[in-house]
Amino acid sequence: MEQSAGQAVTENDPRSVTPAPEARATENLAPDRLVLARGVFTGPAPKISDELYAVVKGKSQRERQSLRLDKGASAHTNTYFGRFAASYWQRWTTVTEVEVAMTLEVGDRARIRLAASDIAGHRRIIDSADVSGDGRVVLRAPLDQYVDGGALWLEFDAVGGELGITELAWTAPAPERVRPVAIAICTFNRAQDCAHTVAALASDPVVLSALTAVYVVDQGTDLVENRPLYQETAPRFGEKLHYIRQPNLGGAGGFTRGLYEVSASGSFTGSEHADIILMDDDILCEPETVVRLQAFANLTVEPTLVGAQMLFLLNPDYLNVGAEEVHLGELKHGQKVPKALRNTSMLKRNQERRVDAGYNAWWTCLIPAEVVDRIGLPVPIFFQWDDVEYGIRAREAGFVTVTLPNAAVWHADFYWKDYDDWARYFSMRNSLIVGSMHADLDPKAVTRQLFRTLAEHLVAMQYGLVHTTLQGIEDFLKGPKVLRDGGIDALAAARGTRSEFEETVKHPAATAPIRSADIQVRRDVGDPSRPVLVLIKRAIQQWTGRTQPGLKAVTREDAHWWHVALFDHVMVTDASQSGVRIRKRDKAKARALLLRTIRVLRRLRRELPALSQQYRTAMPELTSRENWERLYEL
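Here is a short report on the structure shown in this document. These numbers come from a predicted model, not from an experiment.

**Considering the overall build of the protein**
For the protein, the helix and strand inventory stands at 17 helices and 27 strands. Here the C-alpha atoms of the protein give a radius of gyration of 27 Å, agreeing with the 26 Å that 2.2 N^0.38 yields for 634 residues. The principal-axis extents of the C-alpha atoms in the protein amount to approximately 85 × 55 × 45 Å. The long-range fraction of contacts in the protein, counting pairs at least 24 apart against all pairs at least 6 apart in sequence, stands at 77%. Carbon and sulfur atoms form 50% of the exposed surface of the protein, whose accessible area is close to 25,500 Å². Between the averaged position of the 77 positive side-chain charges in the protein and that of its 80 negative side-chain charges there is a distance of 9 Å.

**Quick word on the packing of helix H10 (residues 423-438) against helix H16 (residues 587-622)**
Where H10 contacts H16, the axes come no closer than 8 Å and their chain directions differ by 80°. Our classification of the angle between H10 and H16 gives roughly perpendicular. Together, Leu432, Ile433, Ser436, Met437 and His438 of H10 and Leu604, Leu608, Ser612, Tyr615, Arg616, Met619 and Leu622 of H16 make up the contact between the two elements.

**Examining the packing of helix H11 (residues 443-459) against helix H14 (residues 531-544)**
Interhelical geometry of H11 versus H14 gives an angle of 45° and a closest axis separation of 10 Å. Put simply, H11 runs oblique to H14. Considering the relative orientation of H11 and H14, their crossing is left-handed. For the pair H11 and H14, contact is made by Arg452, Ala455, Glu456 and Val459 and by Pro531, Val532, Leu535, Arg538, Ala539 and Gln542, respectively. By residue class, the composition of the contact of H11 with H14 is six nonpolar, one polar and three charged.

**Describing the pattern of salt bridges**
According to the stated counting rule, one finds 36 salt bridges in the structure shown. With a shortest N-O distance of 3.1 Å, Asp440 and Arg616 are connected by a salt bridge. On the criterion of sequence distance, the pair formed by Asp440 in the loop between H10 and H11 and Arg616 in helix H16 is long-range, its members being 176 residues apart. Residue classification places Asp440 among the exposed residues on the basis of a relative accessible area of 70%. Residue classification places Arg616 among the partly exposed positions, given a relative accessible area of 29%. Residue Asp475 is joined to Lys478 by a salt bridge in which the shortest nitrogen-to-oxygen separation is 3.0 Å. Assessed through its relative accessible area of 46%, Lys478 is described here as partly exposed. Each of Asp418, Asp420, Arg498, Asp574 and Arg581 takes part in one network of salt bridges that share partners.

**Here's the deal with a positive patch on the surface**
Residues Lys336, Lys339, Arg342 and Arg353 make up a contiguous surface patch of positive charge. Secondary-structure assignment places Lys339 in the loop between strand E20 (332-336) and strand E21 (342-345).

**Topic: the nonpolar core**
Side chains of nonpolar character tend, in soluble globular proteins, to be buried together. Leu152 and Trp170 are the most contacted members of the largest nonpolar core, which totals 93 residues. Residues Val446, Leu458, Tyr463 and Leu604 belong to the second largest nonpolar core, which totals 46 residues.

**Focus on the packing of aromatic side chains**
One pass over the structure, following the stated rule, counts 18 aromatic pairs. Ring geometry for Tyr230 versus Tyr243: centroids 5.7 Å apart, planes at 55°, classification tilted. Taken together, the residues Tyr230 in helix H5 (residues 228-233) and Tyr243 in strand E15 (residues 241-245) connect sequence positions 13 residues apart. The cationic tip of Arg495 hangs over the ring face of Trp422; the distance from NZ or CZ to the ring centre is 4.5 Å. For Arg625, the ring lying beneath its charged end belongs to Tyr260, and the centroid distance is 4.1 Å.

Rules and cut-offs
- Residues numbered from 1 in each chain as written.
- Predicted model: local features only at pLDDT ≥ 70, side-chain atom pairs only at ≥ 80, totals over all residues.
- Heavy atoms only, no water.
- Helix = DSSP H or I, 4+ residues; strand = E, 2+ residues; numbered from the N terminus.
- Rg over C-alpha atoms; globule rule 2.2 N^0.38 Å.
- Contact = heavy atoms within 4.5 Å.
- Areas by Shrake-Rupley, 256 points an atom, 1.4 Å probe, with all protein chains shown as cover.
- Lys, Arg positive; Asp, Glu negative; His and termini not counted.
- Charge placed at Lys NZ, Arg CZ, Asp CG, Glu CD.
- Axes fitted to C-alpha atoms, helices over the stretch in contact; angles between N-to-C directions.
- Parallel < 35°, antiparallel > 145°, perpendicular 65-115°, else oblique.
- Left-handed = near helix turned anticlockwise from the far one by under 90°.
- Nonpolar A, V, L, I, M, F, W, Y, C, P; charged D, E, K, R; others polar.
- Salt bridge = Lys/Arg side-chain N within 4 Å of Asp/Glu carboxyl O.
- Buried < 20%, exposed > 50% of the residue type's maximum accessible area, 1.4 Å probe, protein only.
- Patch = residues over 30% accessible without salt bridge, like charges linked within 9 Å, V, L, I, M, F, W, Y side chains within 5 Å.
- Core = buried A, V, L, I, M, F, W, Y, C linked by side-chain atoms within 4.5 Å.
- Phe/Tyr/Trp six-rings, centres within 6.5 Å; stacked < 30°, edge-to-face > 60°.
- Lys NZ or Arg CZ within 6 Å of the ring centre and 35° of its normal.

Printed below as a string of structure tokens:
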């Protein structure tokens, strides 16, 4: 539908949306229409590109929720945060039509278009208005052609004079009641980061009023409550802010505490529990994401876990992955869903196709109260795979996960963290625990894969990494009793024994303990065409000492096992780019670790079926409120 020039929709027009979007997003007793997303035109920090929100040609002035275009300028919101994910709303919610309303200040004449895309990104116009006066304008779009993909956005032209745009909101008919929502932030010695996240939530009045509670679960020694920013921010929450200190039980323990508190009987609104958004402490928070997750969760056909996507903190326009899934038989999580975008600049690409997630990591993820009521609390596995396990268990109980595009936070980039660290213990142990609980793992396939992986680490002279991985397998073999303390002893053991292996230590590149003044940089020549044969060859070379002598340097991008194994002494750049690791061939260590590997994997192959049954039997007790109360020392 197109309005003729001079016909602005005013607040008295039946097409208008009143009251203002801010009021409608805050009420528990739902208004006639619910705000699904607001028009945001600039990011929460200077490092964030404005073009993630709106692209402007010509002169303009931006504020957080307002945009003013000079005469002749144009703008569009076909951007990461500017788009409305029509495909996801049509597929998963009760919404059949959306309205997008805005208040305009028109200097002379303006043209507004509501545009759409399909799975291939082809553009079409859904609705439009030619406006020559100030007022409220409403455009509408049915959600009827987007099942497999497509989105909506707005386009603006300031034709004859300036154009001001404020109070922009996408809305739909509201449910009978808007479900309350709380936030739980787990933190461990990232006090200033956590304080900034709390402050970001308080910075947006709509978000602040929509939240029933915020739990800051502090498990560290550098306390968030001592930071001036937190102390300045806390009064804005009033009684909504709850600061909890507890033993360090990892991410699983911190996030579970939030679920535990929110799911307590009659916690907020009589007998009604609140949905809860789990949120990392060290993110750069986009407050608008809270609005979008809550709105989507309120309108899904069935209770649904709704996750935010993750953008890279150091490369803020890059998307980590559009949606993830887990391959339990291969003990792999964080796997890209087919057709999902990954490591992609969102200034250059948009996610047109709908992709369905297997689970959503807990950098930011909304969990409905019904899920906690039905499946209980997470497994106390301390760190790594806790969010994966909970998403799998929820799906087994009939609750799907949706990773919602155009809702995201920024988080530390994973590829800046070196793979060879203490976290491998938990990744290995917990992948076996989760796989045992939710799949019929093939002992032969699992041990064959693990032997291949450990052999690659051995020929690459990563002896500490092999040791840490074997620790994880050995503790899995102890059965469910290994989870009795929530991971405190395991953390100490994983960190403490790694110091026995020199290559696990990171050194400053300029002052590393090396004597050669002429270190040769060796570049990789490419992936091997027959990797198994190359692995056997490299193992023989390492075992017999037929490696290239002298200290060599290898960059992070070239530090593949087949390349590093050519040398007997190598300086490898750490993934963090903050230093180097020094690896040196040690036949005695390699032999001892190989024998240990064979012994441990033989036992795993023999005992895996029985252990799987033990972990499954123990799950109800492990995930019970009583078990977590014991761990919390309540």
